[in-house]
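So you can see what is in the structure, the chains are spelled out below.
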Amino acid sequence: MVASLAPTSSGDADTVIRTVNLTKVYAGADFRAVDELNLSVGAGEIFGLLGPNGAGKTTTAGMLTTRVIPTSGAAFVAGVDVVAHPALAKQFIGVVSQTNTLDRQLSVFENLYYHGRLFGMSAHESRATASRLLDQFQLAKWATASVYALSGGMAQRLMVARSIFHSPAVLFMDEPTAGLDPQSRLALWDILQQLNGDGQTILLTTHYMEEADQLCDRVAIMDHGKILALDTPTGLKKSVGIDTIVTVRAAGDQRLLADTLEKGVEGVTKVRRSDAGLELHVRGGDRLLARVIATAETGGFEIADISVAEPSLETVFINLTGKELRDQ
Amino acid sequence: MTTASPMGEHQGHIVVGPRRSSFSASRAALGALMLRDVRVLWGDFAIFVLRTIVQPFLLCFVFLFVFPKIGQSVGGTGGEAAFATVLVAGVVGISIMFQGVQSVALQMAQEFGYTREIEDRVQAPCPIWLVAVEKVISGSVQGLISAAIVLPIASFVHASGVEAQINLHWLVLLTLVPLACIAMGSLGLVLGTSFEPKNIGMMFGFVILPITFLGGTYYQWTRLAPVKIGSWHWLQTIVLVNPLLYVNEGMRAAFTNVPHMHLYIVYPVLIAFCVGFLWLGLRNFRRRVLS
């Protein structure tokens, strides 16, 4: 183990990723894809960058994995300046990209084996690690198959296995479950949680709020290249200052209904229209449904449907930006 | 150095920070990339051989067997046997070029295009230019192998009496053939990084075909002199930009005793093409990979 091969950033030994005013302006663009980002991710964290497409998440991950050259600022992974020493930094980062980048000319086993060799393992060591990983990721019976034979979920598992093959200090995952069916998505979440339980630091980008909510220790909500909020999922949801979201669907003048409910139901902080109907953000929740129904009916509205939910990261995003995450 | 398992006994084993110097990591990565290419080549070796020999075989078959049989005149005043000698060297040259295009350009266009494999390859713990250079090395080695396969075929497929006169000049052969292979591999890098995968057809139509037909495969450069406007030998002048011309003239110097372009020209120009193509190809590669 070599401790000082490159100039390292000063700072906490437990900080695995650190960015200082990290900024990216793409050639020909008149806006900052990433705008003076200051980020610090600790060892053992699953850290999520949550935001709509174009928020700057992938660009941020790209800069940290040496593929995107920052316009200004600095980025350190495990203490190594990734801009100044990209080849050195690549020794201890693992990357799972959005698309399938498996080697189509190699078998499933060989995809792992040659990755090990690429990272300097001996033939014996690489073969042993490849076999173990195939077992652990339940791909052993596909070992000799072509990667064309794998389903989307299996290909994704193989890519994760490959990315952690060389025990990276950080695993970067760009939209890891985009395009996966729900079952494969849950399976992948399990794998990531297991890896994290074993101490693997993971940085993932996602626009699925459930993914950020379920998986991440901390989440940074990004839009237009900036971090709008950064906390644990629970902390973020608390920050909105509401306890319940009631969605009401009723025929009639929606503006009048909104007005009626906002004035008539105690604790309503905000009413907004969504695809599902009217969404009431409510603080305090005693006998809430009964009060909403009574108020609506007193106002002459007949409620067709009513549902209750807790605030989600979606709510946080809407509160911060005024727009929905999923619309983007 | 630790060998951490990703699950199970992983805890406490994760190494934070680089394990090896950039140099030793890059050397290992280069070795592994080559190893991978050898594995793929070996797995498809029969196809590789077939792909390599089809064109040379057809060229020799048509020009050196069918044409003499049907009385179609080739070779002008020099006669058919002299033409065979000229053609055989050209066939080796053209095979080296096609190998460069096939193993570097097509491969790279595919990896940049629909498979996106390149995104993983450039995460190898080495400078990204090394990933591109490895492709050129690998393509050059495949060029060498094809030259070795093609020469005997080209010398055996012919009608009786239409025999190529092969005279091996070992010093030239051992230096010029590898140089030609590197130049054509580098050309492959330029093409593979310049054309979008969907435009590969265009690459063949507008680049490969002109290079092939105007690359001195079927004739020596000096024989083009009669093609002129006034006193300007326009064709002879234009084809000087064609790298294949120098490869073919060089092959003539290496394999035959027929007159060829002077080696004082062939060597430096091919070296210049290597440098130029590598510079351009690596610049393109970097631009395609980084943003």
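Basis of the calculations
Residues numbered from 1 in each chain as written. Chains lettered and ligands numbered in written order. Predicted model: local features only at pLDDT ≥ 70, side-chain atom pairs only at ≥ 80, totals over all residues. Helix = DSSP H or I, 4+ residues; strand = E, 2+ residues; numbered from the N terminus. Buried ≥ 20, exposed ≤ 12 C-beta atoms within 10 Å, placed from the backbone. Contact = placed C-beta atoms within 7 Å. pLDDT = per-residue confidence, 0-100. Pairing = 2+ DSSP bridges. Axes fitted to C-alpha atoms, helices over the stretch in contact; angles between N-to-C directions.

**A short note on the overall build of chain A**
Thinking step 1. Along chain A, the regular secondary structure elements total 11 helices and 14 strands.
Thinking step 2. The burial tally for chain A puts 47% of its 328 residues in the buried class.
Thinking step 3. When contacts within chain A are restricted to residue pairs at least 6 apart in sequence, long-range pairs at least 24 apart make up 68% of them.

**Observations regarding unusual backbone geometry**
All names here are of chain A.
Thinking step 1. Here the phi dihedral of Glu-36 falls at roughly 45 degrees; this positive angle occurs in a residue that is not glycine.
Thinking step 2. Relative to the assigned elements, Glu-36 resides in strand 2 (residues 34-42).
Thinking step 3. Positive phi is not limited to glycine here, since Thr-66 has a value of about 75 degrees.
Thinking step 4. Relative to the assigned elements, Thr-66 resides in the loop between helix 1 (57-64) and strand 4 (72-77).
Thinking step 5. Assessed through the 24 C-beta atoms surrounding it within 10 Å, Thr-66 is described here as buried.

**Brief notes about the confidence of the model for chain B**
Residues and elements named next belong to chain B.
Thinking step 1. Confidence in the prediction of chain B, expressed as mean pLDDT, is 84, and 92% of residues score 70 or more.
Thinking step 2. Looking across chain B, the model is least confident in helix 2 (residues 45-70), with a mean pLDDT of 82, and most confident in helix 10 (residues 263-289), with 94.
Thinking step 3. In this model, residues 1-13 is a region of pLDDT below 50 whose contacts with residues beyond four sequence positions or in other chains number 28 contacts.
Thinking step 4. In the model output, the complex is listed with pTM 0.84 alongside ipTM 0.83.

**As for the sheet that holds strand 11 (residues 244-250) of chain A**
Residues and elements named next belong to chain A.
Thinking step 1. The strand order 12-13-11-14 describes an open sheet built from 4 strands, whose pairing is antiparallel. This sheet does not close on itself; its edge strands, each paired only once, are strand 12 (268-274) and strand 14 (303-309). Between one strand and the next, the sheet's axes are offset by a mean angle of 20 degrees, whatever the strand orientation.
Thinking step 2. Summarising the sheet, strand 12 and strand 13 (residues 277-282) pair through 6 bridges and their orientation is antiparallel.

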